[in-house]
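Secondary and tertiary structure notes
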Amino acid sequence: MARIKLALPESEKVYSSEMPLTINFINYGGHMGNDAILTICQEIRLRYMKSLKMSELSFHGKSLIQSDAAIVFKNEAFHGDVLTVDLYIEDQHKYGFDFFYLIKNSAKEIARAKTGMIFFDYEKRKVVLNPIIE
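Below, the structure is looked at part by part. What you see is a predicted model, and the numbers here were worked out from it, not measured in a lab.

Looking at the overall build of the chain
Across its full length, the chain holds one helix and six strands. Its helices and strands in sequence order give the chain the pattern β-α-β-β-β-β-β, from N to C terminus. For 134 residues, the compact-globule estimate of 2.2 N^0.38 gives 14 Å, and the C-alpha radius of gyration of the chain, at 15 Å, lies within 12% of that figure. Oriented by its inertia axes, the alpha-carbon framework of the chain measures out at about 45 × 35 × 30 Å. Residues counted as buried form 41% of the 134 residues belonging to the chain. The contacts of the chain with a sequence gap of at least 6 include a subset with a gap of at least 24, amounting to 63%.

Concerning the pairing of strand β1 (residues 15-20)
Burial along β1 is one-sided: the residues Y15, S17 and M19 are buried and none of S16, E18 and P20 is. The pairing of β1 with strand β3 (residues 82-93) spans six bridges and is antiparallel. Paired with M19 across the two strands is L83, which belongs to β3.

Here's the deal with the packing of aromatic side chains
Counted by the stated rule, this structure contains eleven aromatic pairs. With a centroid separation of 6.4 Å and an interplanar angle of 55 degrees, the aromatic rings of Y48 and F59 are classed as tilted. Note that Y48 is positioned in helix α1 (residues 34-51) and F59 in the loop between α1 and β2 (63-73), a separation of eleven residues in sequence. Here Y48 and F59 have matching classes, each one buried.

Comments concerning the nonpolar core
By size, the foremost hydrophobic cluster in this structure holds 29 residues, and its most contacted members are M32, I40, F99 and I103. Taken together, the elements giving at least two residues each to this core come down to β1, α1, β3, β4 (96-104) and β5 (109-121). For this core, the element with the highest residue contribution is α1, accounting for seven residues. Those residues within four positions of I40 in sequence are excluded, and the remaining contacts are M19, L21, F25, M32, L83 and V85. Ranked by size, the runner-up nonpolar core spans six residues in total, among them L6, V72, Y88 and L102.

Let's talk about α1
Under the 1.5 Å per step criterion, the end-to-end length of α1 is 27 Å for 18 residues, consistent within 8% with the ideal 26 Å. Within α1, the full set of buried residues consists of A36, I37, I40, C41, I44, R45, Y48 and M49. Residue K53 follows α1 closely and has a positive phi angle near 60 degrees.

Some details on the pairing of β5
The element β5 is extensively covered by neighbouring structure, given that eleven of its 13 residues are classed as buried. Inspection of the sheet shows β2 paired to β5 by ten bridges, in the antiparallel sense. Paired with A70 across the two strands is K114, which belongs to β5. Bridge count between β4 and β5: nine bridges; the pairing is antiparallel. Looking at the pairing, I103 lines up with A111 of β5. Counted between consecutive antiparallel strands, the loop separating β4 from β5 contains four residues. Where β5 meets strand β6 (residues 126-127), two bridges bridge the pair, whose relative direction is antiparallel. Bridged to F120 within β6 is V127. What sits between the antiparallel neighbours β5 and β6 is a turn of four residues, in which R125 has the positive phi angle 60 degrees.

Basis of the calculations
- Residues numbered from 1 in each chain as written.
- Predicted model: local features only at pLDDT ≥ 70, side-chain atom pairs only at ≥ 80, totals over all residues.
- Heavy atoms only, no water.
- Helix = DSSP H or I, 4+ residues; strand = E, 2+ residues; numbered from the N terminus.
- Rg over C-alpha atoms; globule rule 2.2 N^0.38 Å.
- Buried < 20%, exposed > 50% of the residue type's maximum accessible area, 1.4 Å probe, protein only.
- Contact = heavy atoms within 4.5 Å.
- Pairing = 2+ DSSP bridges.
- Phe/Tyr/Trp six-rings, centres within 6.5 Å; stacked < 30°, edge-to-face > 60°.
- Core = buried A, V, L, I, M, F, W, Y, C linked by side-chain atoms within 4.5 Å.
- Expected span 1.5 Å × (residues − 1).

Following this line, the structure appears as structure tokens:
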């Protein structure tokens, strides 16, 4: 299987926050587990929306649902590391956009991740148009 590649974004970062690696992020190998990346991404995404006084249920007046995710691991991270996560918005389209996450510690890049976000009507259970570009 070919490796997934996530190029660095061309857009400007919209948000950045630090995230300490607590023991719940560490796996049996003694480093950050692969499942921790999506948890960290969701936390950073929620912090960003909160900074805008929005949420995943009301982002520019519409709800969001995650449609896909991709992760590329670059280096290990360990208990006690403080990660910096830079957030970007990429690839706006008719129904949504991508959040791109650049995850690093002071010395190196740890991972890159992307989550595809779609605007969604939870009452009708269907996709709706992207209000940011309507």
